[in-house]
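Close look at the chain arrangement
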Amino acid sequence: MKNAFHHFPAVRELLAALIIGIGLIGLSGCAEYLPANADTPAARVDDRELIALVPDTESQLATLAAAERRNYALVDVTELGELDLIMLTFLLPSGVTGAEGIVALEGEVPSATVGVNHAYRLQSVEDGTSELNYANQLIAWPDGACQAQVPVGLIDSGVDVTVPSVEAARVIARDFSEDPFSDLQHGTELASVISDRSRLTDVVIYSANVLSETPDAGVAAGADDMIRALDWLASEDVRVINIALAGPFNKLLNLAVTQATNDGAIIVAAAGNAGPRAAPLYPAAFDDVIGVTAIDAAGTVYRNAVQGPQIDIAAPGVDVLVDLGGEPRFVSGTSIATPFVLSRIIADPSLARARDAASVLQALRTTSVDLGAEGRDTVFGLGLLNADGRCAG
């Protein structure tokens, strides 16, 4: 379970607005858990974009009418059948801020959840000089590959299926942005870790490409495209999902993640690389999402990893050997740690068919290796992921 403060997103957003509005900069305590720079345009895909999630047709019509009266231009309507939601995308007129749009629509249509389209960025970098592929030994992966028990979802960039390290996997791909980012390196790196023949066989990956070159945030994934990806994976009955993207709190994404996890999705997410003193990043910090940090071969936490009570478990994520068919290189970051946790889950029938993150974490607790302060802590969570030398639990 995450920090109890995360149970009250509306309160947190109100506090954030108050802090920004009156210019308090020295507040201690809970202030450090507010999303950093969440209200700046650079934190959003498009500063003019406003998104509403509504539960039914009546709410949809009311929101459309309220938006039309205010000259909010309707851009898109998406039926999210598996999440039991409808997503409406608007462009705000000049001079209207996102905060004003949220207050206006939610004030008139209480059943609508309205927010800006925050941007979520990749959490790995090419780095390091290690000469050892240490990961399997560190997490006590069994000798010989385990059979993947269920398909997995990868919400990231697309995947290059021609890369030798991915060829053994079956990849079903779909783009979710209007102009998908053509660089597939990040998603391919994660897919190569998941489909590594030394760990898993019979891997099936549903690849959701959510990255694009955004107007205001550079290369990033919008909350809206991540929501569409979650709905698609639910429609394909893909319940174990890897998200190595991180960004500020977004109540739209929070609602979609809650709908998905309530329906049995197990989401593994990167804690983020903003540094140990940074505010929690999402979706890793959402309740019922498994937040993953990165460590090196010596069990030392990655120097840029976000820390806090939202950290659930640690996995190899510093100088991880990645070979995409050219010269092998070493990659670091909380992104590259997530597929090790995902692989551990889908290798074990009991974990792969679990219906909530709490059950998975309870099982992982029994084999994890304590690191740092005794017991669960804000740096390593439960400790080092450990496969206990077996495929099945």
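On to the pairing of strand 14 (residues 240–243). Side chains of strand 14 alternate between two faces, with Val240 and Asn242 and Ile241 and Ile243 buried alike. Taken together, the 4 bridges between strand 8 (residues 152–156) and strand 14 define a ladder with parallel strand orientation. Across the sheet, the residue bridging to Val152 is Val240, located in strand 14. Across 4 bridges, strand 14 lies against strand 16 (residues 266–270) in parallel orientation. Following the sheet pairing, Val240 is matched in strand 16 by Ile266.

Attention now moves to the packing of helix 5 (residues 185–194) against helix 8 (residues 334–347). At a minimum axis distance of 9 Å, the contact between helix 5 and helix 8 shows a crossing angle of 35 degrees. In this structure, helix 5 crosses over helix 8, and the sense of that crossing is right-handed. Where helix 5 approaches helix 8, its residues His186, Glu189, Leu190, Val193 and Ile194 are matched on the opposing element by Ser335, Ile336, Pro339, Phe340, Leu342 and Ser343. Its residues placed into classes, the contact of helix 5 with helix 8 shows 7 nonpolar, 3 polar and 1 charged.

So, about the state of the cysteines. Applying the stated criterion across every chain, the model contains 1 disulfide. Note that Cys146 is cross-linked by a disulfide to Cys391, the S-S spacing being 2.0 Å. Judged by the sign of its S-S torsion, about -85 degrees, the cystine formed by Cys146 and Cys391 is left-handed. Taken as a pair, Cys146 in strand 7 (residues 146–147) and Cys391 in the segment after helix 10 (357–365) lie far apart in primary sequence, 245 residues in all. Overall, the relative accessible area of 26% leaves Cys391 in the partly exposed class.

Look at any regular strand and the pattern is simple: side chains alternate between the two faces of the sheet. Of the two faces of strand 4 (residues 113–116), the one carrying Thr113 and Gly115 and the one carrying Val114 and Val116 are both buried. By the bridge criterion, 4 bridges tie strand 1 (residues 49–54) to strand 4 in an arrangement that is antiparallel. If you follow Leu50 over to strand 4, its bridge partner there is Val116.

Counted under the stated rule, the structure contains 5 aromatic pairs. Aromatic pair Phe176 and Trp232: ring centres 5.6 Å apart, planes at 50 degrees, arrangement tilted. Of this pair, Phe176 sits in the loop between strand 9 (170–175) and helix 5 while Trp232 sits in helix 6 (residues 223–235), placing them 56 residues apart in sequence. Grouping residues by exposure puts Phe176 and Trp232 together as buried. Ring geometry for Tyr282 and Phe286: centres 4.8 Å apart, planes at 50 degrees, overall tilted. An identical accessibility class is assigned to Tyr282 and Phe286; each is buried. In textbook terms, an aromatic cluster arises when at least three aromatic residues are bridged by ring pairs, as seen for Phe176, Tyr206 and Trp232.

Moving on, we get to the layout of surface pockets. Gaps left between atoms are located by rolling a probe of water-molecule size over the structure's atoms. Its boundaries defined by the atoms lining it, the second largest pocket holds a volume of some 440 Å³. Residue lining of the second largest pocket: 20 residues in total, with Val45, Glu49, Glu178, Asp224 and Asp225 positioned closest to the centre. Residue composition of the lining of the second largest pocket, by class: 5 nonpolar, 6 polar and 9 charged.

Spatially, 7 strands are ordered 9-11-8-14-16-17-18 in an open sheet, and the strand pairing comes out parallel. Only two strands of the sheet have a single neighbouring strand rather than two, namely strand 9 and strand 18 (313–316). For this sheet, the mean inter-axis angle between neighbouring strands, taken without regard to orientation, is 25 degrees. As paired strands, strand 9 and strand 11 (residues 204–209) are joined by 6 bridges and run parallel to one another. Counted as the bridge partner of Ala173 is Ser207 from strand 11.

The rules behind each value
- Every chain begins its residue count from 1, and numbering advances along the sequence as written.
- This being a predicted model, a pLDDT of at least 70 is required before a residue's local features are given, and a value of 80 or more before pairs of side-chain atoms are given or counted; all residues contribute to the totals for chains, interfaces and linings.
- Side-chain metrics in this entry use all non-hydrogen atoms of the structure; hydrogen atoms and water are not considered.
- Accessibility here uses a 1.4 Å probe with only protein chains present; expressed as a share of the type maximum, an area under 20% marks a residue as buried, one over 50% as exposed, and anything in between as partly exposed.
- Every helix listed is a DSSP run of H or I at least four residues long, and every strand listed is a run of E at least two residues long, numbered separately from the N terminus.
- Only strands joined by at least two bridges in the DSSP assignment are considered to pair.
- Every angle, taken between N-to-C directions, lies between 0 and 180 degrees, and every axis is a line fitted to C-alpha atoms, over only the stretch in contact when it is a helix.
- Definitions for this section: a left-handed crossing has its near helix turned counterclockwise from the far helix by less than a right angle. A right-handed crossing has that turn clockwise.
- Here a residue-residue contact requires only that any non-hydrogen atoms of the pair lie within 4.5 Å.
- When residues are grouped by polarity, Ala, Val, Leu, Ile, Met, Phe, Trp, Tyr, Cys and Pro land in nonpolar, Asp, Glu, Lys and Arg in charged, and all others, Gly among them, in polar.
- Disulfide: a pair of cysteine sulfur atoms within 2.5 Å of each other.
- Ring geometry is summarised as follows: Phe, Tyr and Trp rings, the Trp one being its six-membered ring, pair when their centres sit within 6.5 Å, and such pairs are stacked at plane angles under 30 degrees, edge-to-face over 60 and tilted between the two.
- Every definition here rests on a 1 Å grid over the protein atoms only: cavities are sets of points where a 1.4 Å probe fits but cannot get out, pockets are open sets enclosed by protein on both sides within 12 Å along at least five of seven lines, and lining residues have some atom within 4 Å of a point.
- Grid points are joined across faces, edges and corners, and a volume is the space filled by probe spheres set on the points.

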